[in-house]
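Residue-level listing of the chains:
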There are 2 protein chains.
Amino acid sequence: MREKNIDEVYLFQLEKAFKQFRKYKNGIFKERGIDITSDQWILLKRIHEEEGINQTDLARKAFKEPASVTRILDIMQKKGLVERHVVADNRREYQLFTSAEGKKLVEKLLPLAREIRATGTAGFTKTEVDQLHRLLERVFYNFNQ
Amino acid sequence: MREKNIDEVYLFQLEKAFKQFRKYKNGIFKERGIDITSDQWILLKRIHEEEGINQTDLARKAFKEPASVTRILDIMQKKGLVERHVVADNRREYQLFTSAEGKKLVEKLLPLAREIRATGTAGFTKTEVDQLHRLLERVFYNFNQ
DNA sequence: GTAAGTTTGTTGATATATCAATAATTGGCA
DNA sequence: TGCCAATTATTGATATATCAACAAACTTAC
C-alpha cells in the first residue's frame, strides 16, 4: 500500500488549522494595535476567570508548561497586565491577579475573542461545531493514554 | 449571556489535541531512542517524498515559515540526515536531499508514523476520520480568508 | 522535632514560530 | 545594457514549548 501523502493526513490538517488560527488571532490583535500575543491572552483570560489562582493551577488549566507560564507571566507583569501577590500562609506560591489595565484589556478583548471563535466556524451548523469539539476531545484522549 | 468558559471552546480543544499529539509523537521518538523531533520528521519525510525540492517549496508544503525551515535544516544537516546541494543554473537556491542515513531513518519511522496516526483515531469509524478531516479543512479555510 | 519526600516556582539549554531586515541572485523591461 | 523588482535564503530579535536541574518552602512519617 502506498504511503499516504502528508496532505491527506488528518494530523497535518489538525496542525494547519491550529497554526492558522493562531496566526489569525495574532494578526487581529496586531491590526487593532493591541500589544498582546495569543498565549498571553489565554493566561490573562484565565486569571480574569479565577482571580487569585496560582501558577501551577493556571498552567494545568491553560494546558501550558509551568516553565512557560513563568515566562509569559514575567512579560505580562512587565507590561503591567497582571500582578503576583505573595500569599500569607504559603511562601512558595503566588496568587495571580489581573491589574486594572489588565481588566480593561479583558473587557476589550472578550468580544474580539467571540468574533474569532465565530470566524473559525463560519458556515458551520451548531451540530457541526459540537461534532468537531467531540472528535477533537477523542483525539486528545487517545494521545493522552 | 455568560461568557463561555474556555474549556468549552472548540478552539481550546483544537490546541489541546494538537499539543498532545506533538507530545505523544516526541515521546514515542524519544522512548525508542530516535534523536529527531516532530518538526524535523515532518521536513525529513517531505524531502524524502520530493528529493531535490528547494526550501521555499518545502516551507510551503510543510506549512512552516522559511526562517524556521532554514534553522531546522541546519540542525538536520549537522546530524547528517539531509544535504543541501547547490544548483547549477541558480545560485540562489539549494536542492534538498535526504542522506543515506536520512533514508534509513525514514524507512524506520514510516511505520511508526502510521501507528501514531492510528493511535489518534483509535475507536473512530472511517466516516468519523473523514468528518474530522473535513471539519478541520473548513476551520483552516475560515481563518485563511 | 527532624529527615525525607513533595510541591511550587524558576532557570538553563535547546527547538521552533514569527516578523522584519538583509544579502545575494535572478528576471523583467525600458 | 543597466536599473529595478522579485525571489531565495539567512539572520536577529522576541515569544513560546519542553525537559532537566534546582532552590525554597512545605508536608509527612517516624
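A few points on the structure. For clarity, every value in this text was computed on a predicted model and none was experimentally measured. (Residues numbered from 1 in each chain as written. Chains lettered and ligands numbered in written order. Predicted model: local features only at pLDDT ≥ 70, side-chain atom pairs only at ≥ 80, totals over all residues. Heavy atoms only, no water.)

Considerations on the overall build of chain A
Where we set the bar: A run of H or I in DSSP counts as a helix once it spans at least four residues, and a run of E counts as a strand once it spans at least two, with each numbered from the N terminus. Here the term buried applies to any residue with accessible area under 20% of the maximum for its type, exposed to any over 50%, and partly exposed to those in between, with areas from a 1.4 Å probe on protein chains only. Residue burial considers only the protein chains on display, and all accessible areas are found by Shrake-Rupley using a 1.4 Å probe. Asp and Glu are treated as the negative residues and Lys and Arg as the positive ones, with His and the ends of the chain left uncounted. For charged residues, the charge sits on one atom: NZ in Lys, CZ in Arg, CG in Asp, CD in Glu.
Looking only at helices and strands, chain A has six helices and two strands in total. With the C-alpha coordinates of chain A rotated into their principal frame, the extents come out at 65 × 40 × 25 Å. Across the 145 residues of chain A, 50% fall into the buried class. Accessible surface computed for chain A: about 7,800 Å², of which carbon and sulfur atoms make up 50%. For chain A, the centre of its 28 positive side-chain charges and the centre of its 22 negative side-chain charges are spaced 2 Å apart.

Overview of the protein's contact with DNA strand D
Formally: We define proximity as follows: a residue is near a molecule or strand when any one of its heavy atoms falls within 4 Å of that partner. Identification of polar contacts relies on pairs of N or O atoms within 3.5 Å, with a donor-acceptor requirement for protein atoms, meaning one able to donate a hydrogen and the other able to accept it, and with residues adjacent in sequence counted only if both atoms are side-chain atoms. Classification used: nonpolar for Ala, Val, Leu, Ile, Met, Phe, Trp, Tyr, Cys and Pro, charged for Asp, Glu, Lys and Arg, polar for all others including Gly.
Every one of the 27 residues lining DNA strand D counts as a neighbour, but A:T37, A:R91, B:Q55, B:T56 and B:R71 are closest to it. Sugar and phosphate atoms represent 71% of those atoms of DNA strand D found within 4 Å of the protein. The separation between a base nitrogen of DNA strand D and a polar side-chain atom of A:R92 is 3.3 Å. Here a phosphate oxygen of DNA strand D sits 2.7 Å away from a polar atom, N or O, in the side chain of B:Q55. Elements with a minimum of two residues in the surface near DNA strand D: α2 (38–49), α4 (66–78) and β2 (90–98) of chain A together with α1 (10–31), α3 (55–62), α4 (66–78) and β2 (90–98) of chain B. Among the elements that take part in the surface near DNA strand D, α4(A) stands out by supplying five residues, more than any other. Partitioning the surface near DNA strand D into residue classes produces five nonpolar, eight polar and 14 charged.

Quick notes on the relation of the copies chain B and chain A
Heads up, the rule is: Least squares is the method used to superpose the copies, on C-alpha atoms of residues holding a pLDDT of at least 70 in both. Every residue pair with non-hydrogen atoms within 4.5 Å of one another is taken to be in contact.
With an RMSD of 0.0 Å, the fit of chain B onto chain A corresponds to turning through 180° and sliding 0.0 Å along the axis. Both chain copies can therefore be described as sitting about a two-fold axis. Residues of chain B ranked by C-alpha distance from the rotation axis are headed by B:L132, positioned 3.2 Å from it. Here 100% of the contact residues of chain B are again contact residues in chain A; the copies associate through an equivalent surface.

Remarks on the interface of chain B and chain A
Applicable threshold: Accessible area that two parts lose when put together, with a 1.4 Å probe and added across both, is what the buried area reports. Salt bridges are defined as contacts in which a side-chain nitrogen from Lys or Arg sits within 4 Å of a carboxyl oxygen from Asp or Glu.
Taken together, the contact between chain B and chain A spans 55 residues of the former and 55 residues of the latter. Of the roughly 5,900 Å² buried where chain B meets chain A, counting both sides, 64% is carbon and sulfur surface. Applying the counting criterion to the chain B and chain A interface returns four salt bridges. One salt bridge connects B:R138 with A:E128, and the closest N-O pair in it is separated by 3.1 Å. The interface formed by chain B and chain A includes 19 residue pairs in polar contact (both at pLDDT 80 or more). Those elements giving two or more residues to the side of chain B that touches chain A turn out to be α1, α2 (38–49), α3, α5 (100–120) and α6 (126–143) of chain B. A per-element tally of the side of chain B that touches chain A places α1(B) first, with 14 residues. A per-class count over the side of chain B that touches chain A returns 24 nonpolar, 11 polar and 20 charged.

Digging into α1(B)
What counts here: Expected span of a helix: the number of residues minus one, times 1.5 Å.
Here α1(B) contains 22 residues, and its C-alpha end-to-end distance of 31 Å stays within 8% of the 32 Å for a straight helix at 1.5 Å per residue. One or two residues past the end of α1(B) sits B:G33, with phi positive at roughly 70°.

Quick word on the pattern of salt bridges
Inspection of the entire model under this criterion finds 24 salt bridges over all chains. Of the charged contacts, one joins A:E15 and A:K19 as a salt bridge, the two residues approaching to 3.3 Å between their closest N and O atoms. With A:E15 and A:K19 both in helix α1 (residues 10–31) and four residues apart, this pair spans about one turn of that helix. In this pair, the class of A:E15 matches that of A:K19, namely buried. Linking B:R60 and B:D57 is a salt bridge whose minimum nitrogen-to-oxygen distance equals 3.2 Å. Of the two residues, B:R60 and B:D57 are both situated in helix α3; the distance of three residues between them amounts to about one turn of the helix. Classification of B:R60 by relative accessible area gives exposed; the value is 55%. Each of the salt bridges in this network shares a partner with another, and the network as a whole consists of A:K45, A:R46 and A:E49.

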